[in-house]
Amino acid sequence: EITLGVLALQGAFREHIEYFQKVIESHPQEYSKFTFTFIEVKTEDQLRRCDSLVIPGGESTSISLIAERTNLLQPLMDYVKSENPIWGTCAGLIFLSKQLKNGRVGQKLLGGLNVEVTRNAFGRQLDSFESPLDFSSFIPDCHAFPTVFIRAPVITELLHDGPTESKSESDSIFYSQNNYNNKAPIEVLHSLKNHGKIDHELIVAVRQGHILGTSFHPELATDDYRFHKWYIDEFVVKSKNKSTDI
Ligand code: GLN
C-alpha cells in the first residue's frame, strides 16, 4: 500500500492526481504488487498518511498563507525532514526552497532544498511558454518532453555549503525558518542554456536526495505521463522498497 498525497490548498493539484492515476492505469502489470492511493492533502492527518507528497504549482504566497492559516505550515516543515519523497512544481519549488529572491512579504519557505530560487524569473514578456526539453539524461529515452512554464521560478544558486544563517531581509532575499539542513548532494537535472533575451544558464530542475524541484508543470503536458511515471519509479517505489528491505 502506497499513499501519495498532493497538497491541495491552492493551485493545480487535481491535475497531478489525474496524471498519477493515468500512470498506474496504463501499466497494470508493472505496478501489480502495489496498491496506490492518491489523496488530496488539506489537513495534518492526511499529511501523516502520505508516503510521498507533491506540492503543485499555483501561487506560492497563497499556498504558504493558507498553510499557515490552517496550521499546516509546521507539519509541512517537519514532513520535509522525513525521508519521504517530495516533489514541488513551480510554486511548489518556491515553497520548498531555502532562499528566495523576489518573494512577497510574509511568504514562508519549507527549506527542504538548499537552493536559492528566484520567483517570476522569466519576466513579463515571457510570462508563459512551452518548450520541448531533452530529459534523456535522467528519464530513459525522454528526448522531447513538452514542458509548460507559467510565471515560472528558476534556481539561481546552489547552496552547497548548506543554508546561510537567516540574515536580515534588507537584501530582499527571504530565508526559510525551518531548522533543517538537507545533507544530500544537489544535482542539477536540467538547465536552459539561455532563453529569449536572457543569456545565462537557467536551472529548471534539481534533485537533492529525497526532494525534487521543477520550474515547469509536467502535470500540464498534454497526455504525456512520462515525468510522473519517472517520479513514481525513481522516488516513490524506490523509497518504498528501501524501507521494506530492512
Ligand atoms: N509565480 C508563481 C508564484 O510565485 C508560480 C507560478 C506557478 O506555479 N505556475 O508562486
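Residues numbered from 1 in each chain as written. Predicted model: local features only at pLDDT ≥ 70, side-chain atom pairs only at ≥ 80, totals over all residues.

**Student:** Please explain the site of the ligand as it appears in this structure.
**Tutor:** What surrounds the ligand is the set Gly57, Gly58, Glu59, Ser60, Cys90, Ala91, Ile94, Arg119, Asn120, Ile150 and Arg151. Its residues assigned to classes, the shell around the ligand shows four nonpolar, four polar and three charged. (Near = placed C-beta within 6 Å. Nonpolar A, V, L, I, M, F, W, Y, C, P; charged D, E, K, R; others polar.)

**Student:** Is there a simple way to think about the pairing of strand β1 (residues 2–7) in this case?
**Tutor:** Within a regular beta strand, the side chains point alternately toward one face of the sheet and then the other, so they alternate between its two faces. In this structure, β1 lies alongside strand β2 (residues 36–41), joined through six bridges in parallel fashion. What sits directly across from Val6, in β2, is Glu40. A crossover connection joins β1 to the parallel β2 through helix α1 (residues 13–26); in handedness this β-α-β unit is right-handed. Looking at chain direction, β1 and strand β3 (residues 52–55) are connected through three bridges and run parallel. Its bridge partner being in β3, Val6 is matched across the sheet by Val54. (Pairing = 2+ DSSP bridges. Helix = DSSP H or I, 4+ residues; strand = E, 2+ residues; numbered from the N terminus. Right-handed = clockwise from strand over helix to strand, strands pointing away.)

**Student:** Sorry, what's going on with the confidence of the model for the chain here?
**Tutor:** Low pLDDT means the predicted coordinates in that region are not meant to be read closely. When pLDDT is averaged across the chain, the result is 93; 96% of the residues are at 70 or more. Scored as a complex, the prediction yields pTM 0.95 and ipTM 0.95. (pLDDT = per-residue confidence, 0-100.)

**Student:** Help me out: how do you make sense of the UniProt feature "active site" (unreviewed entry) in the chain in this one?
**Tutor:** Mapped onto the present numbering, the UniProt feature "active site" (unreviewed entry) falls on Cys90, His217 and Glu219. The annotated residues occupy 130 residues of the chain but converge on a single region, no pair of C-alpha atoms lying more than 11.0 Å apart. Note that His217 resides in the loop between β13 (211–214) and α6 (226–245). Look at His217 and you get buried, because 25 C-beta atoms sit within 10 Å. (UniProt positions renumbered as here; feature names shortened; annotations may be inferred. Buried ≥ 20, exposed ≤ 12 C-beta atoms within 10 Å, placed from the backbone.)

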